[in-house]
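As a plain string of letters, each chain reads:
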Amino acid sequence: MTVPDRSVANIIDETFPRVRPKITNRNAHFWQGGADGILRLLRCRDCATFLHPPTPVCPSCRSTHVAPEALSGRGTVYAHTVNRYQWLPDMEPPYIVAVVELVEQVGLQLMTNIIGCALDAVYTGMEVEVVFAHNDDVYVPLFRPTTAR
Ligand SMILES: [Zn+2]
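Here's what I pulled together on the structure shown here. Remember, predicted model here, so these are calculated numbers, not experimental data. (Residues numbered from 1 in each chain as written. Predicted model: local features only at pLDDT ≥ 70, side-chain atom pairs only at ≥ 80, totals over all residues. Heavy atoms only, no water.)

**Describing the overall build of the protein**
What counts is decided by this rule: Strands are runs of DSSP state E lasting at least two residues, helices are runs of H or I lasting at least four, and both sets are numbered from the N terminus onward. Radius of gyration: C-alpha atoms only; globule rule: 2.2 Å multiplied by the number of residues to the exponent 0.38. The classification of residues rests on relative accessible area computed with a 1.4 Å probe and restricted to protein chains. Under 20% of the type maximum is buried, over 50% is exposed, and intermediate values are partly exposed. The contact definition used throughout considers only heavy atoms, calling two residues in contact when any of these lie within 4.5 Å. Computed with the Shrake-Rupley method and a 1.4 Å probe, the accessible areas treat only the protein chains shown as cover for residues. Positive charges are assigned to Lys and Arg, negative charges to Asp and Glu, while His and the chain termini are left out of the count. By convention, the charge on Lys lies at NZ, on Arg at CZ, on Asp at CG and on Glu at CD.
Helix and strand content of the protein: one helix and nine strands. Listing each helix as α and each strand as β along the protein from the N terminus yields β-α-β-β-β-β-β-β-β-β. Here the C-alpha atoms of the protein give a radius of gyration of 15 Å, agreeing with the 15 Å that 2.2 N^0.38 yields for 149 residues. On the principal axes, the C-alpha backbone points of the protein span a range of 40 × 35 × 30 Å. Within the protein, the proportion of its 149 residues that are buried is 40%. In the protein, of all internal contacts separated by at least 6 residues, the share reaching a separation of at least 24 is 54%. Working note: accessible area of the protein is about 8200 Å², and carbon and sulfur atoms make up 54% of it. In the protein, the 13 positive side-chain charges and the 15 negative ones have mean positions that sit 5 Å from each other.

**What to know about the coordination of the zinc ion**
To be explicit about the condition: Each metal site lists N, O and S donors within 2.8 Å (3.2 Å for Na, K and Ca). With water left out of the atoms, a site can look as if it is missing ligands. Every angle between 85 and 135 degrees makes a four-donor site tetrahedral, while opposite donors more than 155 degrees apart, with all other angles between 65 and 115, make a four-donor site square planar and a six-donor site octahedral; other sites are irregular.
Protein coordination of the zinc ion is provided by Cys44 (SG), Cys47 (SG), Cys58 (SG) and Cys61 (SG), with donor distances spanning 2.2 to 2.3 Å. Taken together, the four donor atoms coordinating the zinc ion span angles of 104 to 114 degrees at the metal, a pattern that classifies the geometry as tetrahedral. Mapped onto the polypeptide sequence, the residues donating to the zinc ion form the spacing pattern C-x2-C-x10-C-x2-C. Taking the relative accessible area as the measure of exposure, cysteine 44 reaches 2% and is therefore buried.

**A word on the pairing of strand β2 (residues 40-44)**
The side chains of a regular strand alternate, residue by residue, between the two faces of the sheet. Our working rule: Should DSSP find at least two bridges between two strands, the strands are taken to pair.
Two strands pair when backbone bridges link them, and β2 and strand β4 (residues 66-70) are joined in this way by five bridges, in the antiparallel orientation. Across the sheet, residue arginine 40 finds its bridge partner in β4, namely alanine 70. Relative to strand β3 (residues 50-51), β2 runs antiparallel, the two sharing two bridges. Each bridged residue has a counterpart across the sheet, and for leucine 42 the counterpart in β3 is leucine 51. Two successive antiparallel strands, β2 and β3, enclose a turn made up of five residues, where alanine 48 displays a positive phi of approximately 70 degrees.

**Focus on unusual backbone geometry**
For the bond running from histidine 52 to proline 53, omega is 0 degrees, close enough to zero to count as cis. As for its position among the elements, proline 53 is in the loop between β3 and β4. Put simply, proline 93 and proline 94 share a cis peptide bond, and its omega is 0 degrees. With respect to the helices and strands, proline 94 occurs in the loop between β5 (74-83) and β6 (95-102). One non-glycine residue, alanine 48, adopts positive backbone phi at about 70 degrees. With respect to the helices and strands, the residue alanine 48 is situated in the loop between β2 and β3. The backbone phi angle of arginine 62 is positive, close to 70 degrees, even though this residue is not glycine. Relative to the elements of secondary structure, arginine 62 occurs in the loop between β3 and β4. Taking the relative accessible area as the measure of exposure, arginine 62 reaches 59% and is therefore exposed.

Set out below in structure tokens:
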């Protein structure tokens, strides 16, 4: 178990346990990289394309020279919905499920939750920033409005 750095302002502890992802050598940078508050994705060393979800081969140039790299953690809401069904016993609805597009690359998107604002405040194009939900040794990247500080 890692101990979170409490000086990092974008790490939160949630009141419920999320489903734990299976950590592998290929995805540990994503699920555990948030321990210092920084979002990390794989990036191709040959053509500079970011890859998500992580794959061992760059989809743009077929290079296998991919490695984790830090991103700004900033993005915009590409699409979202309000989930009102209780899929998980500990995760109380309603909550926002969203696709966020990161500022570093057109089409670089990840599925996440938007937190820190009212459900009806979320809109397509809303500027958001990463925040990590800490649980044991996992840091799940979520997003909040950039003005929520
Ligand atoms: Zn490439």
